[in-house]
Amino acid sequence: MKQVLLSLVALLLLSTRISAQDIEKQAPGGYDVMRPDIVHGKIDSILYDSKTVGSVRKALIYTPPGYSRGRKYPVLYLLHGIGGDEREWLNGGHPEVILDNLYAAAKAEPMIVVMPNGRAMKDDRATGNIMAPDKVEAFAVFERDLLDDLIPAVETTFPVYTDREHRAIAGLSMGGGQALNFGLANLDMFAWIGGFSSAPNTKVPEVLVPDPDIVKKKLKLLWISCGDSDGLISFSRRTHEYLQHKDVPHIYYIMPGNHDFNVWKNSLYMFSQLIFKPVDASKFSKYTLLGTPASTNVRRAKFPQILPDSRALFRIEAPDVHRMQLDLVKKYDMVKDTAGVWEVTTDSLSEGFHYYSLLIDGVAVADPASETYYGMGRMASGIEVPFKGDDYYAERDVPHGELRIKRYYSSIFREWRRFYLYTPPGYETDAGVTYPVLYILHGGGEDERGWATQGSTDLILDNLIAVQKAEPMLVVMPDGNVNFPGFGVNALKMFGAELKQCIIPFIETNYRVRNGSENRALAGLSMGGLQTLFVGINNVDQFAYLGVFSSGWIMPMQNDLAETQYAMMQNNVGVINGGLKQFWIAMGGKEDIAYNNCRLMLAKFDEIGIRYTYSEYPGGHTWPVWRNNLYHFAQTLFK
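The following paragraphs examine the structure supplied in this document.

Calculation criteria
Residues numbered from 1 in each chain as written. Predicted model: local features only at pLDDT ≥ 70, side-chain atom pairs only at ≥ 80, totals over all residues. Heavy atoms only, no water. Pairing = 2+ DSSP bridges. Helix = DSSP H or I, 4+ residues; strand = E, 2+ residues; numbered from the N terminus. Axes fitted to C-alpha atoms, helices over the stretch in contact; angles between N-to-C directions. Contact = heavy atoms within 4.5 Å. Phe/Tyr/Trp six-rings, centres within 6.5 Å; stacked < 30°, edge-to-face > 60°. Buried < 20%, exposed > 50% of the residue type's maximum accessible area, 1.4 Å probe, protein only. Lys NZ or Arg CZ within 6 Å of the ring centre and 35° of its normal. Core = buried A, V, L, I, M, F, W, Y, C linked by side-chain atoms within 4.5 Å. Polar contact = N/O pair within 3.5 Å; in protein donor to acceptor, adjacent residues only side chain to side chain. Salt bridge = Lys/Arg side-chain N within 4 Å of Asp/Glu carboxyl O.

### Digging into the sheet that holds strand E2 (residues 55-63)
In spatial order, the strands read E1-E2-E4-E3-E5-E6-E7-E8; together these 8 strands make up an open sheet with mixed pairing. The open sheet has two edge strands with one neighbour each: strand E1 (42-50) and strand E8 (251-255). Here the strands of the sheet are splayed against their neighbours by 20° on average, with no regard to which way each runs. Across 9 bridges, the pairing between E1 and E2 is antiparallel. Among the inter-strand pairings, Ser45 is bridged to a residue of E2, identified as Leu60. Strands in contact with helix H3 (residues 95-104) are E1, E2, strand E3 (75-79) and strand E4 (112-116); relative to E2, the strand with the most contacts, it is inclined by about 35°. Its contacts with the sheet put helix H5 (residues 174-185) on E3, strand E5 (167-172), strand E6 (192-196) and strand E7 (221-227), and the angle it makes with E5 is roughly 150°.

Here's what the structure looks like:
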């Protein structure tokens, strides 16, 4: 009995080890080379009567090794590009070789492959001006030819299954667009769909997938692939991003390459071994070789890249460096190849914006491939990780306000300083309209650029105002750094004087804004939250709205300051509660470094009787949390 148990344990361990192995992500060497030592399929053809076109048309047929009319086969309809015809795949991609080799390795289900002419017109030759309007239109007409004429002919002539679960469609370039357009529009006909380097004929995602729930329910596999240097990659990317936001399972496969058969053959190799068999959608995000360049990269920089599962791939060419690490909260050791290129793939990253640095032989430097941001007390790189729900700060087709930089002379600091200013859509044209103002403050180690760049303040307000979820307002983003070190009372008092004596008067003199506390809001994150707590609560006659993000008196360092504040609040509970229309306090969950300080502060507020609204959004002490805070806080203001 003991031996049996040991054997079972060994089998379980072996099973776990096998299941943990990496999936195949790329065709191996020789995958497209004909092997004389294996059985080969055959290339045939079919002539069919096309009522759609009004002529007899031709398609090539591949039948697998061992083909027999005594069994049934699934069918893959494989479509060519705008400059090809039914022979393009055979001449340039040799699918018969790729599939023969896959069958020999027992990696694919035996299938019949139909390679038609996707130019549905009487003269369907790829001659003359292939971009002529009638020839381009013929690719759209092919949908009816395929569904009404070709598929019935194939199913009459060959021993094939006739249900959607045994029918796939894929194609390259123009044929990739056809495969997506026709397949997704006819889910009662196709359960497996693949677009390889899909061309501009691909319908926009909202038309392609108008009802994501139906696609989720019916589709077995949706494959979208492209070469990273392909000029048409934007069409694949926009489809992927839409599907990702709508939670539609799919494989988005990016590999090194251009608009050519190296990409398309590899795509066929990968796609054909997944179809007509059970698939695990939870592994779809693991297939790609490359990701999408981060939106925070400098122009034309390919790396870092965001992979479909939110991991990030970094590559840096630095042959003379001895050691390189990536510092992205967690430190990752990078590995150098023989060409001097360092590479690392991170763990899955949380949503939104993250600072990072490269540690080169121990020295922290900014990545030259990334935009840089003032954070952590210095210029650092940043990477933006997209996620479902990030459309509230996306660049959308709505009226946009302006983001300005304004310099002013500070009589408090006796120097020239500056702030960033957001003016809402219509500020320039509606000269008779006045606006309320939100003064919003950055954290320690940052400056007036924080909310304007890392915070995406202008986009958040543009999108809210466009759907009437926020009142049109000005947003002032000043520099909260003062000449006193730390967060002591003198530093807080000096910033309060700067705000009240210099910044607010400058705004109210030079811009069309409304006066009075009911038209002013003050908010800040971390250090800016402390400034809001001190200046705002001591001046409820100046600000009727306060927002404190990821902050709270720092214990025990600020114990004396906090006790003085609490005593003042105890003596002025009625004034504070009566003066504040909104006291909004938000945290980034228990992982926020200010969480415990905030909870202690809120307990004291409860004891004193101060009214407030509490909000929590997971993510720690980070910009994704503070963007979300602004999004929700702004909707409560000036109403």
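### A closer look at the packing of aromatic side chains
Applying the stated rule across the entire model yields 32 aromatic pairs. Seen from their ring centres, Trp89 and Phe196 are 6.3 Å apart, and the 80° between their planes marks the pair as edge-to-face. Separated by 107 residues along the polypeptide, Trp89 in helix H2 (residues 88-93) and Phe196 in strand E6 bring together distant segments of the chain. Accessibility expressed as a relative area gives 1% for Trp89, which makes it buried. Ring centres of Tyr408 and Phe419 lie 5.7 Å apart, and the angle between their planes is 35°; this geometry places the pair in the tilted category. Of this pair, Tyr408 sits in strand E20 (residues 402-410) while Phe419 sits in strand E21 (residues 415-423); the two residues are 11 residues apart in sequence, bridging distant segments of the chain. Just as Tyr408 is buried, Phe419 falls in that class too. Cation over ring: Arg512 sits above Tyr427, and NZ or CZ is 4.2 Å from the ring centre. One cation-aromatic arrangement involves Arg599 over Tyr614; the distance from NZ or CZ to the ring centre is 5.1 Å.

### Side note on the pairing of E21
Burial runs high along E21: 7 of the 9 residues are buried. As defined by bridge partners, E20 adjoins E21 across 9 bridges and the pair is classed as antiparallel. Across the sheet, Tyr408 pairs through a bridge with Arg417, a residue of E21. Taking the residues between adjacent antiparallel strands as the criterion, E20 and E21 are bridged by 4 residues, where Arg414 takes a positive phi near 55°. One ladder, built from 4 bridges, connects E21 with strand E23 (residues 474-478); its direction is antiparallel. From the neighbouring strand, Tyr420 faces E23, where its bridge partner is Met477.

### As for the nonpolar core
Grouped together as the largest cluster of nonpolar side chains are 53 residues, with contacts concentrated most on Tyr439, Ile507, Trp553, Phe583 and Phe605. Here the element with the most residues in this core is helix H12 (residues 489-510); it accounts for 9 residues. If sequence neighbours within four positions are ignored, Ile507 has contacts with Phe419, Leu421, Val437, Tyr439, Val476 and Val513. Ala153, Val209, Leu219 and Phe303 belong to the second largest nonpolar core, which has 46 residues in total.

### Brief notes about the side chain of Ser410
Tracing the chain through its elements places Ser410 in strand E20. Side-chain polar atoms of Ser410 contact the backbone nitrogen of Ile412, separated by 3.3 Å. Among the polar contacts made by the side chain of Ser410, one reaches the side chain of Glu498 at a distance of 2.6 Å. In contact with Ser410, other than residues within four places in its own chain, are Glu415, Arg417, Glu498 and Cys502.

### Some words on the sheet that holds strand E15 (residues 341-345)
An order of E9-E10-E11-E15-E14 is seen for the 5 strands of this open sheet, with the pairing classed as antiparallel. Each edge of the open sheet is held by one strand with a lone partner, namely strand E9 (292-293) and strand E14 (335-336). The pairing of strand E10 (residues 305-306) with strand E11 (residues 312-317) spans 2 bridges and is classified as antiparallel. Bridge pairing in E11 places Gln305 opposite Leu313.

### Observations regarding the side chain of Ser198
Considering the arrangement of structural elements, one finds Ser198 in the loop between E6 and helix H6 (205-208). Only 3.5 Å separates the side chain of Ser198 from the backbone oxygen of Gly176, close enough to count as a polar contact. Other than its neighbours up to four places away in sequence, Ser198 contacts Ser173, Gly176, Gly177, Leu180, Leu232, Phe235 and Ser236.

### What about the pairing of strand E26 (residues 582-587)?
With 6 of its 6 residues buried, E26 lies for the most part within the structure. Because side chains alternate across E26, one face comprises the buried residues Gln582, Trp584 and Ala586, and the other comprises Phe583, Ile585 and Met587, equally buried. Pairing of strand E25 (residues 545-549) with E26 involves 5 bridges; the strand directions are parallel. Within E26, the position partnered with Val548 by the bridge is Ile585. Sheet topology note: the E26/strand E27 (residues 613-616) ladder contains 4 bridges and is parallel. Residue pairing for E27: Met587 is matched across the bridge by Glu616.

### Overview of the pattern of salt bridges
According to the stated counting rule, one finds 28 salt bridges in the structure shown. Of the charged contacts in the structure, one is a salt bridge between Glu498 and Arg417, with a shortest N-O distance of 3.4 Å. Of this pair, Glu498 sits in helix H12 while Arg417 sits in strand E21, and the two are 81 residues apart along the sequence. Summarising the burial analysis for this pair, Glu498 and Arg417 share the class buried.

### Looking at the environment of Ala380
Within the fold, Ala380 resides in strand E19 (residues 378-385). By relative accessible area, which is 0% here, Ala380 ends up buried. Residues Ala380 and Ala364 lie 16 residues apart in sequence; the distance between their C-alpha atoms is 8.9 Å. When neighbours within four sequence positions are excluded, Ala380 is seen to be in contact with Tyr355, Tyr356, Ser357, Glu371, Thr372, Tyr373 and Gly375.

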